[in-house]
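One letter stands for each residue in the lines below.
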Amino acid sequence: MGDCLKRNAPGDIMKAVGQRLRTGLLFRKGVIQMRRCWVEISISQLIRNLDILRRDCPLEAMAVVKADAYGHGDGIVSSCLQKHHVCHFAVSNLNEAENLRTAGVTGDILILGYTPPEYADDLKRLDITQALISEEYARQLAGKGIKAQAALDTGMNRIGLNAKDPARCERLIREYAKEFCLTGIFTHLCVADTPAEDGFTRLQIERFNAVANAVSDLCLAQVHCMNSAGSLRFAPTGNLSRLGIVLYGLKPDLAMTLPEGIKPILAWKTVVAMVKDVEPGETIGYGRSFTVGRKTKVATLPVGYADGYNRLLSNKGFVMLHGQKAPILGKVCMDQMMVDVTGIDDVHMGDEVTLLGDGYTADEMGRDCGTIGYEVICDISKRVERVYIEQDI
Ligand SMILES: *Cc1c(COP(=O)(O)O)cnc(C)c1O
């Protein structure tokens, strides 16, 4: 079974998924060619998250798999979701939509953002649904038989028709229904994860419903306004839920509590490249930003900011080694970094190190570098190999 993981071709990995792989075993056999820095993605946990969300949110799921499924690999994630009867997908652009088709996704694919009108033929050829992001944009795509959904701006001020003028929205949507194969309308909630702002979210939902009710006679198949936070915190509205971050087991906001059993599906790992003792008074790394105070056992790790490890974690973050925290010493370099392993026994070259996973989630890492879990996982760079497993991580 091992050989099918040698290359990262989606087909090969799909063969491997479903065979109950034990990564430790695979690594020991040397099947993963580059045991330097990799991400393990648990397909079982992805499906468990989906099942829990289906239980708790009555609306049908539209899986948001933009940005390479938030860094998890859009082809494989989408194929696995499709096997579990998800038939609506959302992406941010035409390349991502085409990737899904190439990976064998046959369901609806909605592009949430801008596709240059020059690509109208590709939208048609690939049977992709395009969000109509403005009146001007819709005029350029009209009359070409394209599948489309009208975006409504209910207060985020990003894209869509201004829902503060429902009569105008209604008139335009009725026009779109003639000029496009119009399959739905949607809006996006911008503070659904923040209890102190629930009044604004309710206002957004009201504005959306006013337009949705005005065009209810069009019997649009997809009427949706819920993202992960909205789906978990508000009464269901419309007939689809756009689920992104929570499918991957992370929180829309660090203060939110996720339903029991939803867990991150990704763990980010590396190994120890070198261990040495450093004497008091010595400094570590670029800029000599860390001075050693006592004799210190230092491990060098072959991962850096070019892998997407945020440099803001310099002298601040930590990694997990043998179940213990090893603080980062000095600046994170492009391809390497140093950590303090003084209190940790038996550290050797080749030992496994957890950057993200049990004991430290992307949400927590996001907080520690002044951003959000979403950005942490999207930033894990393409040179970090993705390994798909059917077990818990
Ligand atoms: C990214 C995005 C989502 C998914 O948001 P999550 O918070 O990850 O669930 C839903 N809708 C739109 C329009 C988006 O851009």
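J.: Is there a simple way to think about the overall build of the protein chain in this case?
T.: The helix and strand tally for the protein chain stands at 13 helices and 20 strands. Over its C-alpha trace the protein chain gives a radius of gyration of 23 Å, about what one expects of a compact globule, namely 21 Å for 393 residues. Projecting the C-alpha coordinates of the protein chain onto the three principal axes gives extents of approximately 75 × 45 × 40 Å. For the protein chain, the residues scored as buried account for 53% of the 393 residues in total. Relative to all contacts within the protein chain whose residues are 6 or more apart in sequence, the contacts with residues 24 or more apart total 65%. Total accessible area computed for the protein chain in this model is approximately 17100 Å², and 50% of it derives from carbon and sulfur atoms. Side chains of the protein chain carry 46 positive and 48 negative charges; the gap between the two charge centres is 2 Å.

J.: Just checking my understanding: could you explain the pattern of salt bridges for this structure?
T.: Opposite charge on two side chains permits pairing when their charged atoms draw close. Scanning the model with the defined rule gives 18 salt bridges in all. Between Arg-55 and Asp-56 there is a salt bridge, with the nearest N and O atoms lying 2.8 Å from each other. Assessed through its relative accessible area of 59%, Arg-55 is described here as exposed. Glu-98 is the partner of Arg-125 in a salt bridge, and the nearest nitrogen-oxygen pair spans 3.9 Å. Of this pair, Arg-125 sits in helix α7 (residues 120–125) while Glu-98 sits in helix α6 (residues 94–102), and the two are 27 residues apart along the sequence. Residue class for Arg-125 comes out exposed when judged on its relative accessible area of 53%. Owing to a relative accessible area of 31%, Glu-98 belongs among the partly exposed residues under this scheme.

J.: Would you mind going over the side chain of Thr-237 with me for this structure?
T.: Within the fold, Thr-237 resides in the loop between α11 (228–233) and β10 (240–243). In terms of polar contacts, Thr-237 uses its side chain to reach the backbone carbonyl oxygen of Ala-235, at 3.3 Å. Apart from residues no more than four positions distant in its own chain, Thr-237 is found in contact with Leu-59, Ile-205, Asn-209, Val-223, Cys-225 and Met-226.

J.: For this particular structure, what's the right way to read helix α3 (residues 43–56)?
T.: Taking 1.5 Å as the rise per residue, α3 with 14 residues should run 20 Å; its terminal C-alpha atoms sit 20 Å apart, in good agreement. Of all the positions in α3, only Ile-43, Ser-44, Gln-45, Leu-46, Ile-47, Asn-49, Leu-50, Ile-52 and Leu-53 are classed as buried. Those residues of α3 that are buried lie in contact with β1 (37–42), α5 (74–83), α11, β10 and β20 (385–389).

J.: What exactly am I supposed to notice about the sheet that holds strand β12 (residues 274–278) here?
T.: Strands pair in a sheet through their backbones, by hydrogen bonds, and they do so in one of two ways: parallel or antiparallel. Sheet architecture is open: nine strands sit in the order β12-β15-β18-β17-β16-β19-β11-β1-β20, paired in mixed fashion. Sheet topology places β12 and β20 at the edges, where each strand pairs with a single neighbour. The average undirected angle you get between the axes of adjacent strands in this sheet is 35°. As judged from the five bridges shared by β1 and β20, these two strands associate in the parallel manner.

J.: Teacher, can you tell me more about the site of the ligand here?
T.: Taken together, Val-64, Lys-66, Tyr-70, Leu-112, Arg-158, His-188, Asn-227, Ser-228, Arg-242, Gly-244, Ile-245 and Tyr-374 make up all the residues around the ligand. A distance of 3.2 Å separates an oxygen atom of the ligand from a polar side-chain atom of Arg-158. In the complex, 91% of the free accessible area of the ligand, which totals 390 Å², lies under the protein chains. Each residue belonging to the shell around the ligand can be placed in one class, and the counts come to five nonpolar, four polar and three charged.

J.: Just checking my understanding: could you explain the environment of Arg-242 for this structure?
T.: Within the fold, Arg-242 resides in strand β10. When its relative accessible area of 4% is taken as the criterion, Arg-242 is described as buried. Along the backbone, Arg-242 and Arg-386 are 144 residues apart, and their C-alpha atoms lie at a distance of 25 Å. Residue contacts for Arg-242: discarding those within four places in its chain leaves Met-62, Val-64, Leu-112, Phe-186, Thr-187, His-188, His-224, Cys-225, Met-226, Asn-227 and Ser-228.

J.: Which parts of the structure should I look at to understand the environment of Thr-187?
T.: Mapped onto the elements, Thr-187 comes out in strand β8 (residues 181–187). Remark: the alpha-carbon pair of Thr-187 and Asp-307, spanning 120 residues in sequence, is separated by 34 Å. One polar contact links the side chain of Thr-187 to the main-chain carbonyl oxygen of Leu-152, over a distance of 2.6 Å. Polar contacts involving the side chain of Thr-187 include one to the side chain of Thr-154, which spans 2.8 Å.

J.: Where do I start with α5 in this structure?
T.: One turn of an α-helix holds 3.6 residues; hence residues three or four places apart share an orientation. The element α5 is largely enclosed, with a buried count of eight among its 10 residues. Buried residues of α5: Asp-74, Gly-75, Ile-76, Val-77, Ser-78, Ser-79, Cys-80 and Leu-81, and no others. Residue His-85 follows α5 closely and has a positive phi angle near 70°.

Parameters and conventions
- Residues numbered from 1 in each chain as written.
- Predicted model: local features only at pLDDT ≥ 70, side-chain atom pairs only at ≥ 80, totals over all residues.
- Heavy atoms only, no water.
- Helix = DSSP H or I, 4+ residues; strand = E, 2+ residues; numbered from the N terminus.
- Rg over C-alpha atoms; globule rule 2.2 N^0.38 Å.
- Buried < 20%, exposed > 50% of the residue type's maximum accessible area, 1.4 Å probe, protein only.
- Contact = heavy atoms within 4.5 Å.
- Areas by Shrake-Rupley, 256 points an atom, 1.4 Å probe, with all protein chains shown as cover.
- Lys, Arg positive; Asp, Glu negative; His and termini not counted.
- Charge placed at Lys NZ, Arg CZ, Asp CG, Glu CD.
- Salt bridge = Lys/Arg side-chain N within 4 Å of Asp/Glu carboxyl O.
- Polar contact = N/O pair within 3.5 Å; in protein donor to acceptor, adjacent residues only side chain to side chain.
- Expected span 1.5 Å × (residues − 1).
- Pairing = 2+ DSSP bridges.
- Axes fitted to C-alpha atoms, helices over the stretch in contact; angles between N-to-C directions.
- Near = heavy atom within 4 Å.
- Nonpolar A, V, L, I, M, F, W, Y, C, P; charged D, E, K, R; others polar.

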